[in-house]
Amino acid sequence: MAVAAAQKNREMFAIKKSYSIENGYPSRRRSLVDDARFETLVVKQTKQSVLEEARARANDSGLESEFIQDAAHLGNDDTTPTVEDSTQQDETKNGHLADADIGDDATKADEDYTLTEEEVILQNAASESPEAEQAIQQAALLLRMRDGMGTLTRILKTIDNYKGCVEHLETRPSQVSGIQFDALVKVSMSRVNLLQLIRSLRQSSSFAGVDLISDNISTKTPWFPRHASDLDNCNHLMTKYEPELDMNHPGFADKEYRERRKQIAEIAFGYKYGDPIPSITYTESENATWQRVFNTVADLMPKHACREYKAAFGKLQAADIFVPHRIPQLEDVSNFLRKHTGFTLRPAAGLLTARDFLASLAFRVFQSTQYVRHSNSPFHTPEPDCIHELLGHIPLLADPSFAQFSQEIGLASLGASDSEIEKLSTVYWFTVEFGLCKENQQLKAYGAALLSSIGELLHALSDKPELRTFEPASTSVQPYQDQEYQPIYYVAESFEDAKDKFRRWVSTMSRPFEVRFNPHTERVEVLDSVDKLETLIWQLNTEMLHLTNAVKKLQGLNFE
C-alpha cells in the first residue's frame, strides 16, 4: 500500500504521456533539448494546476469541513486546558494557540489559507477513506519563532492536544532578522490532526513561518530506475512526431509508409527486459535508402571522422554487421556492443522524453528506433531513425572511453531536477550529437548527428561556424537551434578531457546523493550510508590489489 501511495503521489504531478502537436508540442523541433524544456513546462503547468485546485478546495470547504474541526472536539479529555488553569489560560484555548497570539488577521488568514505541495499530497492521502484519515503520519515541522523559548511550551501543549507524539525537538538561533529561533519538531500523529495542527500554528502571529518538510510526504526526490528491468517503465513517455500529424513530414502523404511505421512501433511497445530484440524484415526500398547513406558515410569517414569512430566502424564491418546492402538487426548490434563495452540496445518506438532516454544510458542501454526514414529524404530525417542510430551512435558506443562518457551523463540524470535535465540534455546535444574533437591539431567529428548528416558535417568542419572549447558549465546553458545548421560547435581536447570536465561539473549539481552502477547486478546503487561506502571501498581495495600485482609482474618481466 505504501508503494501504491507513493506512486499515486508521483502521478499527481506527472507529465502527460502524449507529447504530440495536438498538446502543444512544436511540430518541427525534434531534439532531446526541446523535449527536456517542453517536459519542464508541462510539469510546471500541471503542478500549478493541481496545487491551485487543492488550495481552492481548502479555502472553500475542504479543510473547513473535513479537516479543521472545532478543536474542542479534540480536547474533551482531562488534558484540555481549563479556565482555572491560569498558566495555560492565556496561552492555549481548546488545543489552539491563544486568540491573543492569533490577532485580528485570524479570520482573514482562515479565509485565504494556502496549502503547500506537501500538504496537498497529505490532504489527498487523508481524504481517501476514514481509515486513511486516521492513519499515523510521521512528519517534521520547521517553525520560525518570533518570540523567545517560551513559545515552545505552547507548541508542545498544542501538539499534545492534537494527540500527537513529539519524537525529536531541536532549536537554533535564527539568522533571519526579526526571528529569534528556528525549531525543528518531528511529530507522529494522525493525518487529519497533523493538518489541523499546521493550520492552527500558521494562524499564530508568534511564528514567521510553519513548514512541513517530511521526506515521507515530499515528492521533491523523484523516483528513478534502480535496475535495468525498470526501463520497461521508462519507454512509454513518447514524444510523438508521427508522419500523419504534420504535413511537413516527408511521409505525411504516404499512407503505406505511415502504416509501416505503426507496425514497427508496436514491436517496440511490446518489448520487455530480457526479451531478444525482434527482427525486422526490411523492404527493398528501406535497404536501398540505407545503402545510399552508408556509402556516403563510408566515403567521408576516413577524412572527417575521429579515430575512435573509424576503428569501431571497421570492427563492425569485419563482423559482417555493417554491410552496404542490408540494414543491421538490433539484436546483432546489441550482442556486438555487449562484447566490447557492455552496452546493449532496446527498441524504442520513437524519440523518448529526455529524462527517460538519459536514464537508460546509466545502465549502458541505448534505446534505438527500428523504422527507416522516408525514401524521398534519404539524407535528412526530422526525427531519429535506425540509420541515424546505427551509423551515428553505434560505432562510438563500441569505444570504451566514449561509452563511459555516455553512461556518466545517464548516471548524472538520475534524480536530477527538471532544470538540471535541461542542462544535461544540452550537454548531450553539443557533445554526443554535434561534438567535435581535436586530433593531431585537426578537427574531427564524433557527434552522431554530424556523422549521419553529410551537409551538417561539411558545414561544421568549414570556417563558417564558431568553435568554442568544451566547458560543461557554459555549454549546458548555450541556446541552440535546429532549423538550420548549428552556428556554434564545441570542441573537446579528447574524450578523457571531456569526461574529466564533465565529472567536475556534475559534482556541483544540487542532487543530494551520489550513485554508482554495479555491472554485476545491473543495478544503480545510491551511496547514502556508511555500510554502502564501506562495501565500495572494500571492492576498490580488491581491484587495487589486482592492479598492484599486475604492475609488479610486468616490472619483473622487464628485468628479466
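Predicted model only: the values in this text are computed from it and were never measured.

## A short note on the sheet that holds strand β6 (residues 207–212)
Within a sheet, adjacent strands bond to each other through the backbone by hydrogen bonds, running parallel or antiparallel.
Item 1. The four strands lie next to each other as β4-β5-β3-β6, forming an open sheet whose pairing is antiparallel. Either end of the sheet is taken by a strand with one partner, and the two such strands are β4 (165–173) and β6. Averaged over neighbouring strand pairs, the angle between their axes works out to 20° when direction is ignored.
Item 2. When strand β3 (residues 136–145) meets β6, the two strands line up antiparallel, connected through five bridges. Bridging across to β6, M145 finds its partner in F207.

## Some words on the UniProt feature "binding site: Fe cation" (unreviewed entry) in the chain
Item 1. Sites flagged by UniProt as "binding site: Fe cation" (unreviewed entry) map to H388, H393 and E433. Spanning 46 residues, the named residues form one tight spatial group whose C-alpha atoms are at most 10.3 Å apart.
Item 2. Among the structural elements, H388 can be located in helix α16 (residues 386–397).
Item 3. Filtering out sequence-adjacent residues up to four positions away, H388 remains in contact with R373, H393, E433, A448, A449 and S452.

## Some points on the sheet that holds strand β12 (residues 442–445)
Item 1. Strand order in this open sheet of four strands is β12-β11-β14-β13, and the pairing throughout is mixed. The two strands at the open ends of the sheet, each matched to only one other strand, are β12 and β13 (466–469). Neighbour-to-neighbour, the strand axes of this sheet turn through a mean angle of 40°, independent of strand direction.
Item 2. Pairing geometry for strand β11 (residues 436–439) and β12, over four bridges, is antiparallel. Counted as the bridge partner of L436 is A445 from β12.

## Focus: the pattern of salt bridges
Item 1. Tallied over the entire structure, the rule returns 16 salt bridges.
Item 2. Put simply, R503 and E408 hold a salt bridge, and the shortest N to O gap is 2.7 Å. Note that R503 is positioned in helix α22 (residues 495–506) and E408 in helix α17 (residues 400–413), a separation of 95 residues in sequence.
Item 3. Residue classification places E408 among the buried positions, given a relative accessible area of 13%.

## Some remarks on unusual backbone geometry
Item 1. One non-glycine residue, K163, adopts positive backbone phi at about 60°.
Item 2. As for its placement among the helices and strands, K163 is situated in the loop between α9 (150–161) and β4.
Item 3. One non-glycine residue, D320, lies in the positive phi region at around 65°.
Item 4. One can find D320 in the loop between α13 (307–318) and α14 (330–340).

## Some words on the packing of aromatic side chains
Item 1. Scanning the entire structure with this criterion turns up 18 aromatic pairs.
Item 2. Note on F224 and F513: the rings are 5.8 Å apart at their centroids and 20° apart in plane angle, and the pair reads as stacked. With F224 in the loop between β6 and β7 (238–239) and F513 in the loop between α22 and β15 (515–518), this pair connects stretches of sequence that are 289 residues apart. Comparing F224 with F513, the two get one shared label, buried.
Item 3. Ring geometry for F430 versus Y490: centroids 5.1 Å apart, planes at 75°, classification edge-to-face.

Cut-offs applied
Residues numbered from 1 in each chain as written. Predicted model: local features only at pLDDT ≥ 70, side-chain atom pairs only at ≥ 80, totals over all residues. Heavy atoms only, no water. Pairing = 2+ DSSP bridges. Helix = DSSP H or I, 4+ residues; strand = E, 2+ residues; numbered from the N terminus. Axes fitted to C-alpha atoms, helices over the stretch in contact; angles between N-to-C directions. UniProt positions renumbered as here; feature names shortened; annotations may be inferred. Contact = heavy atoms within 4.5 Å. Salt bridge = Lys/Arg side-chain N within 4 Å of Asp/Glu carboxyl O. Buried < 20%, exposed > 50% of the residue type's maximum accessible area, 1.4 Å probe, protein only. Phe/Tyr/Trp six-rings, centres within 6.5 Å; stacked < 30°, edge-to-face > 60°.

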